[in-house]
Structure formats: C-alpha cells, structure tokens
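# Residue-level structural notes
Here is what each chain is made of, one letter per residue.
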Amino acid sequence: MPVDAWIALAVVLASAVVLVVDRFPPVLVLGGAVGVLLFADVIDSDVALSGLSSPAPATIAALYVLAGAVTVTGTFSQLIDRLLDRGRSITALVATTAAVSSVVPNTPLVAMFAPRVVRWSQLHGVSASRYLLPLSFASVLGGVVTLIGTSTNLVVSDLL
C-alpha cells in the first residue's frame, strides 16, 4: 500500500478518535484533517476546496438561518397551540408538520415544534410521547417531498 494511503488512514482514524472524545468542535477537527492531508501532499488543493465550490452547503446554511429566524420570532408557536387546542388532534399536527417540513429543513423544524408540544402536553396532562413520535415521522416524510426539505436531498441533487 502506498505511503499516501497510510497517511490518509492515520488521519481518518485520528479524526474519528478526536470526534468521539468530543474535546474540539467537529468543524475544527475535520478542517484540520483536510489541512493535514493537503500539507502532506496526499490531496491537492482542488480536492481540498471542492466542497466549498458546491452550492449545496451554502443552501443548507441559508435554510438553517431561516429556521433559526423562525424559531426566534416564534412564528409557529401560535399555530402549534391552535392545532393542539382544537380537539387535541394528532392528525392536524402531523399534516401541518409534513407541509411545513417540505420548505423548512426537518431537523430544526422538530427542534422548534417539540418544546411547544411538550409544554402543551404538560399543561393538559397528556403524554408528550404520544405526539412527539408522529411529529418526527411527519417531519421526515415532508422533508423528502421537496428538494429543500432535507439537506440530504440537496447533496444528492448536487451530485446528480
């Protein structure tokens, strides 16, 4: 096996260990791994910077900014409260979550909806787990319907 392969293997294993230990942010660890491979001349600069040339990471970042703005402004808070107060309908919550998840990334959407659902459940003496699992499944289902609903779709579309 060539020396470059051994260096790459060592960098991948070291990165995995550092990520498992969780002492440094993943961005720093993976950026450092790419830097080591670049300076060791295992990869060239075109390969090292190729991830930055793709529009998918920029689009994903923009969608997370949008989701953060929605969370801070509380845009969906009243909507969730109204959905749950009308007959405690899981169906209405699931349908709305799936619809919204088609245009908002599903992970931050569940992060926005879950605390409201838990708070509402505590106020009404209902088990939150009865609502949280359908919420998660609806978010995933809605996310795969459109290109921007989940970051995986964006990456695959960019590769195709």
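This report concerns the structure included in the present document. Keep in mind the model is a prediction, meaning the values are calculated, not measured. (Residues numbered from 1 in each chain as written. Predicted model: local features only at pLDDT ≥ 70, side-chain atom pairs only at ≥ 80, totals over all residues. Heavy atoms only, no water.)

## Quick notes on the overall build of the protein
Looking only at helices and strands, the protein has 10 helices and zero strands in total. Mapped from its N terminus to its C terminus, the protein presents α and β elements in the order α-α-α-α-α-α-α-α-α-α. Its C-alpha radius of gyration of 21 Å places the protein more than 25% over the 15 Å reference for a compact globule of 160 residues. Considered along the principal axes of its C-alpha atoms, the protein spans approximately 65 × 35 × 30 Å. (Helix = DSSP H or I, 4+ residues; strand = E, 2+ residues; numbered from the N terminus. Rg over C-alpha atoms; globule rule 2.2 N^0.38 Å.)

## Examining the nonpolar core
Ranked by size, the top nonpolar core spans 17 residues in total, and within it Phe76, Leu84, Met112, Phe113, Val117 and Tyr131 carry the most contacts. Among the elements of the structure, α5 (55–73), α6 (77–85), α7 (90–101), α8 (106–124) and α9 (129–143) are those that each provide at least two residues to this core. Considering each element in turn, this core owes the most residues, six residues, to α8. Apart from the residues lying within four places of it in its own chain, the contact partners of Phe76 are Val70, Val100, Met112 and Phe113. (Core = buried A, V, L, I, M, F, W, Y, C linked by side-chain atoms within 4.5 Å. Buried < 20%, exposed > 50% of the residue type's maximum accessible area, 1.4 Å probe, protein only. Contact = heavy atoms within 4.5 Å.)

## What about the packing of α6 against α7?
One way to put it is that α6 packs onto α7 with a least axis distance of 8 Å and a crossing angle of 150 degrees. Relative to α7, the element α6 lies roughly antiparallel. Here the hand of the crossing between α6 and α7 comes out right-handed. Listed contacts from α7 to Leu79, Leu83 and Leu84 of α6 are Ala92, Leu93 and Thr96. Taken together, the residues that form the contact of α6 with α7 break down as five nonpolar, one polar and no charged. (Axes fitted to C-alpha atoms, helices over the stretch in contact; angles between N-to-C directions. Parallel < 35°, antiparallel > 145°, perpendicular 65-115°, else oblique. Left-handed = near helix turned anticlockwise from the far one by under 90°. Nonpolar A, V, L, I, M, F, W, Y, C, P; charged D, E, K, R; others polar.)

## Some words on the packing of α7 against α9
With their axes 7 Å apart at the nearest point, α7 and α9 run at an angle of 30 degrees to one another. Between α7 and α9, the angle is such that the two are roughly parallel. Considering how the two elements wind past one another, α7 and α9 form a crossing that is right-handed. On α9, the residues touching Ile90, Leu93, Val94, Thr97, Ala98 and Ser101 of α7 are Arg130, Tyr131, Pro134, Leu135, Ala138, Ser139, Gly142 and Gly143. Of the residues assigned to the contact of α7 with α9, the class counts are eight nonpolar, five polar and one charged.

## So, α6
For α6, the complete set of buried residues consists of Ile80, Leu83 and Leu84. Down the axis of α6, the smallest arc covering the buried residues is 90 degrees, so these residues share one side. Where α6 is buried, its residues touch α7, α8 and α9. (Arc of directions from axis to C-beta.)

## Topic: a negative patch on the surface
Judged by side-chain charge, Asp4, Asp41, Asp44 and Asp46 come together as a negatively charged surface patch. Looking at the secondary structure, you find Asp41 in the loop between α2 (26–39) and α3 (45–48). A relative accessible area of 61% places Asp41 in the exposed class. (Patch = residues over 30% accessible without salt bridge, like charges linked within 9 Å, V, L, I, M, F, W, Y side chains within 5 Å. Areas by Shrake-Rupley, 256 points an atom, 1.4 Å probe, with all protein chains shown as cover. Salt bridge = Lys/Arg side-chain N within 4 Å of Asp/Glu carboxyl O. Lys, Arg positive; Asp, Glu negative; His and termini not counted. Charge placed at Lys NZ, Arg CZ, Asp CG, Glu CD.)

## Quick word on a nonpolar patch on the surface
A surface patch of nonpolar side chains, about 470 Å² in accessible area, is lined by Met1, Trp6, Leu9 and Leu13. Relative to the helices and strands, Trp6 resides in helix α1 (residues 3–21).

## Focus: α2
In this model, α2 (14 residues) spans 20 Å end to end at C-alpha, consistent with the 20 Å of a helix rising 1.5 Å per residue. Buried within α2 we find Val29, Ala33, Gly35 and Leu37. Lining the buried residues of α2 we find α1. Residue Asp41 follows α2 closely and has a positive phi angle near 65 degrees. (Expected span 1.5 Å × (residues − 1).)

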